[in-house]
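Chain residues, written in single-letter form:
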Amino acid sequence: MEEYPEELRTPPVTLISLVGCPELHALISSHLHSEQPPINTLALPDFSKISVIFSDKSSDGKAASASDPSSPTPGILKRDWLLKHRTKVPAVLAALFNSEQISGDPAQWIQVCTDLENLRNVIRPKNIKLVVVVVVPATFFASSNDDLISEDRMAALRKRAELDAKHIVFFNSGDELQLKESLNKLGSTFAELATTYYREEGRRIKTRVEKKNFSSIELNIRNCFKVAVHAEFRRDWVEALRFYEDAYHLLRQMVSTSTRLPVIQRLVEIKIVAEQLHFKISTLLLHGGKIADAIAWFRKHNASYRNLVGPPGVVFMHWEWMSRQFLVFAELLETSSKAIQSISGPASNTAEKLTEWEFQPAYYYQLAANYLKEKRNALELAQQSEEAAGGIDGSAESVAPSVYVGQFSRLLEQENVLAMQPLTDEEYTRYSIAEGKRFQDSFEIIALLKKSHESFSGIKAKRMGSLCAFQMAKEYYTVADFTNAKQLLDDVASLYRSEGWVTLLWEALGYVRECARRAGMVKEFVEYSLEMAALPVSSDTSVQSFDSKDCGPAGPPSLAQRENIHKEVFSLVSGEVGSVSIGDNLDLQTACNGPLHLEIDLVSPLRVVLLASVAFHEQIIKPGVPALITVSLLSQLPMNVDIDQLELQFNQSECNFIIMNSQRPASTDGRQGRRVERAPSLSLVTHKWLRLTYEVQSELSGKLECIYVVAKMRSLLTICCRAESPASMDDLPLWRFEDRVQTFPTKDPALAFSGQKAAQVEEADPQVDLVLGATGPALVEECFLVPVTVTSKGHSVFSGELKVNLVDVKGGGLFSPREVEPLSSDSSHHVQLLGVSSTDTEDDPQVASSKIMKIQQSFGLVSVPFLKDGESWSCKLEIKWNRPKPIMLFVSLGYFPDVNELSSQKVHVHKSLQIEGKTGIVISHQFMLPFHQYPLLLSKQSPSLPMNEASVLVVSTKNCSEVPLELQSMSIDMDDDHERLYTLQHGGGGAEDMLGISHLMPGAEFRKVFTIVPEVESSSLVLGSVALRWRRKSETQEACVLTKYKLPDVNIELPPLVVRQECPPYAILGDPFAYVLRIKNQTKLLQEVKFSLGDAQSFVLAGSHTDSTFILPKSEHVVSYKIVPLCSGMQQLPRVTVTSVRYSAAFQPSVAASTVFVFPSKPHFQIAAAADAENKELEPVATE
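Computed from a prediction, not measured in an experiment: that's the story for all the values here.

A. The arrangement of the overall build of the chain in detail. When helices and strands are counted, the chain shows 28 helices and 56 strands. Each of the 1184 residues in the chain was classed as buried or not, and the buried ones make up 47%. Pairs at least 24 residues apart make up 73% of the contacts formed inside the chain by residues separated by at least 6 positions. Per element, the accessible surface of the chain, about 58,400 Å² overall, is 51% carbon and sulfur.

B. Region of interest: the sheet that holds strand 50 (residues 1106–1111). Pairing within the open sheet is antiparallel, and its four strands lie in the order 50-48-53-54. One side of each edge strand has no neighbouring strand; the edge strands of this open sheet are strand 50 and strand 54 (1145–1147). On average, adjacent strands in this sheet sit at an angle of 20 degrees to one another, irrespective of strand direction. Where strand 48 (residues 1087–1093) meets strand 50, six bridges bridge the pair, whose relative direction is antiparallel. Paired with F1091 across the two strands is D1107, which belongs to strand 50.

C. Region of interest: the packing of aromatic side chains. Under the criterion given, the structure shown has 35 aromatic pairs. Look at Y1066 and F1159: their rings are 5.3 Å apart centre to centre, the planes differ by 90 degrees, and that puts the pair in the edge-to-face class. One end of the pair, Y1066, is in strand 46 (residues 1066–1068); the other, F1159, is in strand 55 (residues 1155–1159), with 93 residues separating them in the sequence. The class of Y1066 is partly exposed, set by a relative accessible area of 35%. Taken together through their ring pairs, the aromatic side chains of F298, W319, F326, F329, Y363, Y364 and Y371 make up a single cluster. The positively charged end of R252 is found above the aromatic ring belonging to Y305, 5.2 Å away from the centroid. Across the ring face of Y708, the terminal group of R722 is positioned such that the distance to the ring centre comes to 5.2 Å.

D. The arrangement of the environment of I887 in detail. Mapped onto the elements, I887 comes out in strand 30 (residues 887–896). Between the C-alpha atoms of I887 and V809, which are 78 residues apart in sequence, the distance is 5.1 Å.

E. Representation of the nonpolar core. In this structure, L157, F190, L251 and F650 are the most contacted members of the largest nonpolar core, which totals 216 residues. The element best represented in this core is helix 14 (residues 315–335), accounting for 13 residues. Not counting residues up to four positions away in its chain, the partners in contact with L251 are I76, I221, I270, V273, A274, L277 and Y305. The next biggest cluster of nonpolar side chains, apart from the first, holds 33 residues, and it includes V780, F784, L806 and I915.

F. Representation of the pattern of salt bridges within the structure. Scanning all chains against the criterion turns up 41 salt bridges. Notably, a salt bridge pairs R497 with E531, separated by 2.5 Å at the nearest N-O pair. Within this pair, whereas R497 is found in helix 20 (residues 482–499), its partner E531 is found in helix 22 (residues 522–533), the two being separated by 34 residues in sequence. Note on E531: relative accessible area 2%, which makes it buried. Notably, a salt bridge pairs E647 with R674, separated by 1.9 Å at the nearest N-O pair. Of this pair, E647 sits in strand 14 (residues 645–650) while R674 sits in the loop between strand 15 (657–661) and strand 16 (675–679), and the two are 27 residues apart along the sequence. Each of R513, E514, R517, R518 and E568 takes part in salt bridges that share partners, so that together they form one network.

G. How the structure looks around unusual backbone geometry. The omega torsion across Q36 and P37 is 0 degrees, close enough to zero to call that bond cis. Take P37: it is sitting in the loop between helix 2 (25–33) and strand 2 (39–44). One non-glycine residue, S1144, lies in the positive phi region at around 50 degrees. Secondary-structure assignment places S1144 in the loop between strand 53 (1136–1140) and strand 54. Under the relative-accessibility criterion, S1144 is labelled exposed at 66%.

H. Up close: the pairing of strand 15. The buried fraction of strand 15 amounts to five of the five residues, a majority that puts the element mostly inside the structure. Side chains F657, I659 and N661 of strand 15 all project onto a buried face; the interleaved residues I658 and M660 project onto the opposite face, where all are buried too. Two strands pair when backbone bridges link them, and strand 14 and strand 15 are joined in this way by four bridges, in the antiparallel orientation. The partner of Q645 across the bridge, within strand 15, is M660. The hairpin formed by strand 14 and strand 15 contains six residues between the paired strands. Relative to strand 16, strand 15 runs parallel, the two sharing five bridges. Pairing of M660 across the sheet is with R678, part of strand 16.

About the criteria used
Residues numbered from 1 in each chain as written. Predicted model: local features only at pLDDT ≥ 70, side-chain atom pairs only at ≥ 80, totals over all residues. Heavy atoms only, no water. Helix = DSSP H or I, 4+ residues; strand = E, 2+ residues; numbered from the N terminus. Buried < 20%, exposed > 50% of the residue type's maximum accessible area, 1.4 Å probe, protein only. Contact = heavy atoms within 4.5 Å. Areas by Shrake-Rupley, 256 points an atom, 1.4 Å probe, with all protein chains shown as cover. Pairing = 2+ DSSP bridges. Axes fitted to C-alpha atoms, helices over the stretch in contact; angles between N-to-C directions. Phe/Tyr/Trp six-rings, centres within 6.5 Å; stacked < 30°, edge-to-face > 60°. Lys NZ or Arg CZ within 6 Å of the ring centre and 35° of its normal. Core = buried A, V, L, I, M, F, W, Y, C linked by side-chain atoms within 4.5 Å. Salt bridge = Lys/Arg side-chain N within 4 Å of Asp/Glu carboxyl O.

Laid out in C-alpha cells, this is it:
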C-alpha cells in the first residue's frame, strides 16, 4: 500500500487559497489544519502570483478534445489529476485586504478594485468561490465595523467582488477573544463555500454522466471517477461509493471492447485503473464498518480478474498484480480500526456465505505470498524465453510512466526537448522483464509469510501458522539461508510429530536434513536421517502419487527412499570417505572428525529409531544375591542394524556391565573394571524385539535402577537410550495406528505389564539391639528422661549415629506460632528435645561436645562410640513438655559393621515409642475474708480487696497425674520489675514457705493459706506468682520442677464501713448469749446506718428489731442483742440487715456465717488440752 501515491491512500482534503497579508497566513493555516475535518491552504504572498498559479496548461488540449468528439481518448485517468485538485486547484480563494486599503485614499481603493477584477477573471472559468477578508488593525476598539469603513464603501466592495455580505469577513486580532471569533468565522465560511464548490462541480459532471453524451467509454469512467472524488471532498461517502462502483463496472466492459492500445498495455492499464478503483471502494466500505461487504467485494474483484492472465510472455505481470491485490487488502483489513473490532466472526448479509478465514488478514498475506511465488516462477520462464530469443536490451532506463494511469512511454530527447514515444508490446515486455530482474522476490515472499505467520499465531491457529512457517523455511532454503530455515523447520517438525502428519513431517525433515548437510552439522544430519528412515511410510510405492519436486530434497516418501537414507547415514558413521557430499570439494566425512554420541530420552523423536526397555524379574532383592534383568531393544529402521556392544548403566555404578557381540571383533574401549557378558548376536530386526536376560548383583541397599542403555554401532556412532519400564512405556505416536503385529518387550506377558526398571535392595539384617526404656507418662514442665541402650550382638559398631525424632501422634505438629506462653522463650514448641546425656560424657565434658553432633527442638543427631561385639552403650534423652500432648519418639541407629566404610553397607535399626504428655500439677486460688468480717466495697471490679484489712488467699494444688508427687516448697514471688506493695503472711503466721516432704497422691489436693494486707490503694495491684517446687516420688533423687502460677491483679480500695459480727462458736440450750455487731466508720464523714433484726423460731431475743443511728467519723458503733436458744442442734441465728444510707448499700450475713450449734447441756472438753500440744486457741480462719 505504500507504493500508492499519498493522494490515493488518504481521503481528499479541502483546499483553499490565501492571497494578501502574508503575515496572517501562518496563523490562519494553523487554525484551519486543526479543524475537523481539516482544511489545507495554498498561500500566495501577493496578487501578482495569481495568473501563474492558476494558469491551466491543459486547457488547449481540453478544448481540442471537446471541439473534436470523434478524436480517440488517449487514456482513462490522468495521473496527476487527483494531486492537482488536492494541492493546486482550491475550492475557495480568500483575498485579504487591510481596512486602510479599502477606506483609504482613492489610489488604494482603485488598486483593491483592480485586484478584485483580476481575481474574478482568473477564478470565473473554474467556478472557484471568493471570500474577501477585511483585516482590522489590532489597535481598533470600535463597537461596530461601520465606524471603520463607511456603508457606501462596503456596498461598493460587495458590488466589485460580486459577493453577498456574509462572504465579506472582518478579521480582528485585537485580543484573544476577537481573534478566536474571527478564526471560527473564517473556518465556517470556508467550509460552507468549499462544500458548495464541490457540490456544484460534482453536479455539473454528474449531469454529463447521466446524459451519457460521451464519445468513448474512457471518458465515462473518468467522469464517474471525478464525481466520486468530489463527493469524497464533501464527505458524501454513499455517493462516492456508488460512482466508484459505476466506474469499476464500466472499466470491466473495456476488456473486450477497447482497441486503443496494444493488447498487453491495454490489459495493464485496465488492471491498474481497476486496482485504484477497487482500493477506493474497499477503503470506503471498511471506513463505514461494512467488513463483510468489503470482503464480498474483494471476492468479486478477484473473480473478475483472476483469469485475465494475458499472453504467455507476460503471465508474471498478472501474478504480480494478483499478489498486490491481496497484499493491499490485507493491509487495509489490518489497519482499519473497525475491522479489528469486528474481526471476531463473519456477520455478513451477503448472498454468499463468507468463511471465517476471509476475516483474517493473515489469509490474504499468505495468498499474496503464493501469487508472488507464481510470479517468480513465471518470470524465470519469461527470462529464459527472452534470452533464448535474442537477449534483453538495455533500453529499460528510458521508459517512464505516461500522463495517464497505467501507461508507459519512452522518453526521447530531441533538440533539448523531451518527447514521449509510445511503446510496442514487445518493447514493454522487455522493459517489464528487465524491471522484474531488479527485485528479489524471495525476500518479499518471506516478509509476507512472516506477517501471515505472526497473525495466525496471534489467533492461536497453530496449523496455519505452521504452514506459513514451512513456506518461509522453503524460501530461506532457496536463498541459501540455512540457519533461519533450520530454526523454522525444527518448530514445524515438532508440530507435525505431535499431530502425526507423517507425509508433511517427511517433507519438513527432508528440508531440515538438507540444511544440516549444507551447514556441515554432522550430528544433526545423522539425527534427522535416522528419524526419516524410521518413519511409518507405506511400502507400496504405487499408492504414492507425489511429485519429487513437491516433496522437497528427500523425494517422495517410500520404503525405497527410507532404505537409501538408512544406507547413507550408516555408511557415513562407518567411516567411508566422501560418502555424503555437501559441496564441490567438501563432504560430511571430513567434517565428522570424531565419534557421534546421540541421546534418546522419553520425549525424543528418535524413540522410533531405538527403544530400550528394562525389567527386573523381582521387585525386591537381597543384597549380594543375583537377580535377573531383561533388556529389550526395538528399532523401526527399514533394515537390520548390528550392534557392536551394549552397556547397561545403573544408579549404582558397581552394577554396570557390558554385553559384547560375539560376531564382532573384541574391543577393550571403556571396559576397565566392568563385567563383560557376551551375546551370540546383537542384530536388530525391524519391528522385532531383541530380548537379553542377564544377572545383576548389588551389595548396597536401597534403590537399584537402570538409567541408560548405551548401544555402540560401527566405529563412530553411539546411541544412549533412556531406559523405560515395560509397565509404563508409551507407544510410538507415529506407529500407533500402523498395520503391524503388536508384541511385548518380554516373553512373559505378566512381566510386560508389571515390570519395572528399578528394584529395591533390602538392607542387611542388623545384629545390634536398640532398647528404649521409658516408663510411665511424662508430666508437663518436668525434664523427662528416656534411657536408650545400644547393645552389640554380633556386629561391631563403627561410625554409629543415633537419630532422634519427635513427631506428633495426631499430626498437628509440635510447634504453635499462634500461642504465646510466658513461662519460657521456647514455649511455642509443645515438646522440646533438650539434650542427650550418656555415662561416658558425664565424666568428660569435652567428649560430650564431640559425641553430640546436633540437637534441635524436635530432632537430634548423636554419635555412638565404637562398640565391640557384646559391648553396650547407653544415653538418656532429655525431653520437656510445655503442653499436654502425646508424641511418638522415633530413634534410628545407623552404623557400619566394618571399619572400611567404602566397602561395607550401612545398617539401620529403628525403634519407636509413644509417650503420653500429661498435666501433673494444677494450681488454683481463692480469695476469702476473715471470719465474721465484712467490709463495704463500692467498686464492681472483681476481684477487689479492702485496704489495710487482712484478706485470706487459699492456694490449692491438685495432682492430676497417675504417679505420686513430692511437694518441696510453695511461695509467692514478685517479678523483678514489680515491688511488693502488701504484707504477706504464710499460714500459721510464719514466713517460711518450705513444706518439708509433703506427699501428694494421684487425685489428692493440697492447700496453703496466705494472709494478705494491702498497704496502698490501687486499681490493679500486682500480687506476683505462686512458685511451687515439686518432683516425682521415686527412689532416685530427681531434680525439682518449678511450676509458676500467675495470680491475677486485684483492685484495692478503702472500705467506708466495716461490719464485724461477734458470737460464740456454740451455744447451750436455755443459756442466753450476746450477739454483737460492730460497725466502724473509716471515712471523715458522718454516716447514717439502718439495721434490722428478723425473728427466728429457735431463739428468743431481746433488743430493738429496727433502728437507725449516726456514726461519727473514724469511730465505731456497737449493736448488741441477747439471745436465748430454744432448740438444740444446728440452728439459724436471726438474720441481721445493715443498710448504709449514703451509699445505698445493704449487708446481710450469709447462711453459713449465721449458723450456730446449740448443745442440749454444757459440754465437757477434757481432751482439748492434750489435743492442742502448743496450747493454741482454736479459732476459725476465714469465711466466705
